[in-house]
Amino acid sequence: MNIAFIGLGNMGLPMAQNLARAGHRVAGFDLSAAQMASLAEAGGKAAASAAAAVADAEIVITMLPASRHVEALYLGEDGILVHARQNTLLVDCSTIAPEAARKVAAAAAKRGFDMLDAPVSGGTGGAQAGTLTFMVGGASSDLERARPLLEKMGKNIFHAGPSGAGQTVKVCNNMLLGILMVGTSEALRLGIANGMDPTVLSEVMAKSSGRNWTLEVYNPCPGVMDNVPASRDYAGGFGVDLMLKDLGLAVENALAVGANVPFGGLARSLYDLHSKAGNGQLDFSSIFQLFAPKA
Ligand code: NAD
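About the cut-offs
Residues numbered from 1 in each chain as written. Predicted model: local features only at pLDDT ≥ 70, side-chain atom pairs only at ≥ 80, totals over all residues. Near = placed C-beta within 6 Å. Helix = DSSP H or I, 4+ residues; strand = E, 2+ residues; numbered from the N terminus. Nonpolar A, V, L, I, M, F, W, Y, C, P; charged D, E, K, R; others polar. Buried ≥ 20, exposed ≤ 12 C-beta atoms within 10 Å, placed from the backbone. Pairing = 2+ DSSP bridges. Axes fitted to C-alpha atoms, helices over the stretch in contact; angles between N-to-C directions. Parallel < 35°, antiparallel > 145°, perpendicular 65-115°, else oblique. Left-handed = near helix turned anticlockwise from the far one by under 90°. Contact = placed C-beta atoms within 7 Å. Expected span 1.5 Å × (residues − 1). Arc of directions from axis to C-beta. Domains from an automatic or database assignment. Core = buried A, V, L, I, M, F, W, Y, C linked by C-beta atoms within 7 Å. UniProt positions renumbered as here; feature names shortened; annotations may be inferred. pLDDT = per-residue confidence, 0-100.

Draft legend 1. Structural detail: the site of the ligand. What surrounds the ligand is a group of 25 residues, the closest being Gly7, Gly9, Asn10, Met11 and Thr95. Elements represented by at least two residues in the shell around the ligand include exactly α4 (67–75) and α7 (123–129). When the residues that make up the shell around the ligand are grouped by side-chain class, the tally is 13 nonpolar, 11 polar and one charged.

What follows is the structure, encoded as structure tokens:
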């Protein structure tokens with residue numbers, strides 16, 4: 001298949017490489033020439049521009065930082081909706097506001113294009129291993145067209161509902177993840193302040209009603225688990241600034257649809273403080289440090 005892949009960053013590059021290694025013709029475009037060179041090493045082709053990348057594509061996949069980049073790339077005067085050929089399926093895998101996803105899909109539909117929002121979970125490790133989870137919004141017939149390609153990049157592919165629903169699921173999931181990480185950190189710190197061994201405390205809570213993924217699989221307290229960011233100075237993993245972005249999307253979306261997310265808003269403020277203290281690049285489990293007792 002002829003695929004255009006635009007946005008070859010930490011996530012997009014390994015996803016595009018997996019498509020190229022599976023034998024597809026991938027024309028990639030990124031603002032960084034180095035990223036395009038890495039795609040070429042995996043058998044893809046570096047395009048001179050986004051317009052050139054999409055010119056022959058049967059499917060366009062985008063993996064960009066945020067809503068404004070996606071809107072500019074699709075809706076701009078020189079954008080994808082102007083240059084893609086008819087019958088091309090458009091798939092945006094970026095994490096963006098559900099409202100932005102619906103706006104771009106509606107503009108695409110006006111020009112005769114079908115579009116899916118297909119944000120992912122699984123991080124850069126999942127992107128490299130081809131084991132991402134896709135949360136897809138749009139028509140199920142379009143998802144079936146995209147499925148063989150999504151299966152080369154991920155192992156769980158969910159149809160969430162109509163346009164924007166993939167982004168809604170992603171926003172809800174990551175808001176809950178952020179809240180759970182803050183809550184787990186707080187509970188562990190309370191136990192430690194009482195003299196508890198955090199490993200014992202974690203083991204007991206993991207078999208009790210406080211159990212959750214951040215406690216059982218991604219424990220934020222250094223030394224409790226091997227092979228998690230907490231046990232390597234919070235390096236790697238899912239960054240504080242990415243969690244801050246996703247919590248911001250949750251709060252913005254709640255305002256847009258009239259929902260209340262008091263804990264989501266509080267988690268966003270705590271991650272904001274933590275980021276402004278210089279921790280934006282650390283893994284998001286480093287929020288545990290925010291609850292450290294005074295020296
Ligand atoms: P990144 O910053 O590493 O990559 C984004 C890429 O887009 C960059 O290489 C940048 O040069 C490129 N770009 C920006 N504007 C462009 C344009 N107009 N044309 C071409 N290229 C352009 O970000 P990432 O970590 O790859 O994340 C991408 C998306 O995936 C984000 O929405 C993020 O929230 C989401 N996400 C990231 C992770 C993660 O662990 N990194 C996990 C799940 C979802």
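Draft legend 2. Just the pairing of strand β1 (residues 2–6), in detail. Burial within β1 is extensive, with four of its five residues counted as buried. Bridge count between β1 and strand β4 (residues 59–62): four bridges; the pairing is parallel. Looking at the pairing, alanine 4 lines up with valine 60 of β4.

Draft legend 3. Quick look at the packing of helix α9 (residues 165–193) against helix α12 (residues 240–257). α12 packs onto α9 with a crossing angle of 120 degrees between their chain directions and a minimal axis gap of 9 Å. By the angle between their axes, α9 is oblique relative to α12. Where α9 crosses over α12, the two elements pack in a sense that is left-handed. Residues Val171, Asn174, Met175 and Gly178 of α9 form the contact with α12, whose own contacting residues are Met243, Asp246, Leu247, Leu249, Ala250 and Asn253. Here the contact of α9 with α12 is composed, by residue class, of six nonpolar, three polar and one charged.

Draft legend 4. Layout of helix α6 (residues 98–110). With 13 residues, α6 should cover 18 Å at 1.5 Å per step; its first-to-last C-alpha distance of 18 Å lies within 8% of that length. For α6, the set of buried residues is Pro98, Ala100, Ala101, Val104, Ala105 and Ala108. All buried residues of α6 lie within an arc of 160 degrees about the axis, which places them on one face of the element. α6 presents Ala106 and Lys110 as exposed residues on the side facing more than 90 degrees away from its buried surface. Backbone geometry just downstream of α6 places glycine 112 in the positive-phi region, at approximately 90 degrees.

Draft legend 5. Region of the structure containing the domain arrangement of the protein. When cut into domains, the protein gives domain 1 (2–162) and domain 2 (168–291). Counting residues at the interface gives 10 residues for domain 1 and 12 residues for domain 2. Each residue belonging to the side of domain 1 that touches domain 2 can be placed in one class, and the counts come to six nonpolar, three polar and one charged.

Draft legend 6. Summary view of the environment of alanine 42. Relative to the helices and strands, alanine 42 is located in the loop between α2 (33–41) and β3 (45–46). Assessed through the 16 C-beta atoms surrounding it within 10 Å, alanine 42 is described here as partly exposed. In this structure the C-alpha to C-alpha distance between alanine 42 and asparagine 18, which are 24 residues apart in sequence, comes to 8.2 Å. Those residues in contact with alanine 42, other than ones at most four positions away along the chain, are Gln17, Ala20 and Arg21.

Draft legend 7. Region of the structure containing the nonpolar core. With 88 residues, the main nonpolar core has Val60 and Val91 as its most contacted residues. Per-domain counts for this core show at least three residues from each of domain 1 (2–162) and domain 2 (168–291). Sequence-distant contacts of valine 91, that is, excluding residues within four places in its chain, are made with Ile59, Val60, Ile61, Leu116, Ala118 and Ala146.

Draft legend 8. Local environment of the UniProt feature "domain: 3-hydroxyisobutyrate dehydrogenase-like NAD-binding" (unreviewed entry) in the protein. Annotation from UniProt places "domain: 3-hydroxyisobutyrate dehydrogenase-like NAD-binding" (unreviewed entry) at residues 164–290. From the first C-alpha to the last, residues 164–290 spans 34 Å; its make-up is 61% helix and 0% strand.

Draft legend 9. Structural context of the confidence of the model for the protein. With 100% of its residues at a pLDDT of 70 or more, the protein shows a mean pLDDT of 97. Interface scoring of the predicted complex returns ipTM 0.99; its pTM is 0.94.

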